[in-house]
Amino acid sequence: MAEDQQLTPIIFGASGLLGSHLYRHFVSTRPNSIGTYGHNPQPGMQQFQLQEHTLSDLTLDTSCQYIAIICASLTNIGAINAEPEKAAQVNVEATLALIKALHQQQIPIIFVSSDNVFTGDTGGYTDDSLAPAVSEYGKQKRCVENALMSLTEGQACILRLAKIIGSPGADGTILNDIAG
């Protein structure tokens, strides 16, 4: 693909741990890249709260062809388990509304999911594995995965990651969650 035909990323959740690394990488190679934040303002990023904003709230460059990388979600397992319905309003309902809007605009989608969509007791899972999610977080991610592939007729990418471990004290990663 020629340089001027490359897709320009919109990174939803670019103020989070994974999203911030993606944003820094892409903005250095594709200056028109867009990063969004929900509640944690970051220089050069646009505010986008999943429950409150729509795609039309973003300032997009009409000369760019975009690809969406959806990293935005609630990830605090304790909070999700304490109020699963409230978390699902963000992690499922608002995320699916964003996916529908992106698909209507013909913007390709990469959805960052989790290996929590599986039980974790056997390993070796495939995309077709029917092992049920054990955690509420995993159930919500699985729900979005299923709907995403249906809404886009399989024309999307799901990237499943294990829990990310970081080093700063309050980065929301598993070891620091335990220590906290």
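Scroll up to find the structure.
Criteria and thresholds
- Numbering of residues begins from 1 in every chain and follows the order in which that chain's sequence is written.
- The predicted origin of the model limits local features to residues at a pLDDT of at least 70 and limits the giving and counting of side-chain atom pairs to 80 or more, whereas totals for whole chains, interfaces and linings rest on all residues.
- Hydrogens and water molecules were not included; the side-chain quantities draw on all heavy atoms of the structure.
- Exposed residues in this analysis have more than 50% of their type's maximum accessible area, buried residues have under 20%, and partly exposed residues fall in between, with area computed by a 1.4 Å probe over protein chains only.
- Helix numbers and strand numbers start at the N terminus; a helix is a DSSP run of H or I with at least 4 residues, a strand a run of E with at least 2.
- Paired strands, as defined in this entry, are two strands with at least two bridges between them according to DSSP.
- Look down the strands so they point away from you; if going from the first strand over the helix to the second traces a clockwise path, that crossover is right-handed.
- Expected helix span is given by 1.5 Å per residue-to-residue step, counting one fewer step than there are residues.
- The bend reported for a residue corresponds to the angle between axes fitted to the seven residues ending at that residue and the seven starting there.
- Contacts are residue-level and defined by heavy atoms, with any inter-residue pair within 4.5 Å sufficient.

Draft legend 1. Highlighting the pairing of strand S2 (residues 34-37). With burial as the criterion, each face of S2 is covered, one bearing Ile 34 and Thr 36 and the other bearing Gly 35 and Tyr 37. The pairing of strand S1 (residues 7-12) with S2 spans two bridges and is parallel. By the bridge assignment for S2, Ile 11 is matched with Gly 35. For the handedness criterion, the β-α-β arrangement of S1, helix H1 (residues 17-29) and S2 is classed as right-handed.

Draft legend 2. Representation of helix H3 (residues 84-104) in the model. Across its 21 residues, H3 extends 29 Å between first and last C-alpha, which sits within 8% of the 30 Å expected from 1.5 Å per residue. The axis of H3 is deflected most strongly, by about 25°, at Thr 95. Buried residues along H3 sit in contact with S1, strand S4 (65-70), helix H2 (77-82), strand S5 (109-114) and helix H4 (136-151). Trailing H3 by a residue or two, Gln 106 shows a phi angle of about 60°, which is positive.

Draft legend 3. Fine view of unusual backbone geometry. A positive phi angle, near 60°, is found at Gln 106, a position not held by glycine. Inspection of the secondary structure puts Gln 106 in the loop between H3 and S5. The exposed category is assigned to Gln 106, whose relative accessible area is 72%. Even without a glycine there, the phi angle at Glu 153 is positive, about 55°. Note that Glu 153 resides in the loop between H4 and strand S6 (157-161). Using a relative accessible area of 69% as the deciding quantity, one classes Glu 153 as exposed.

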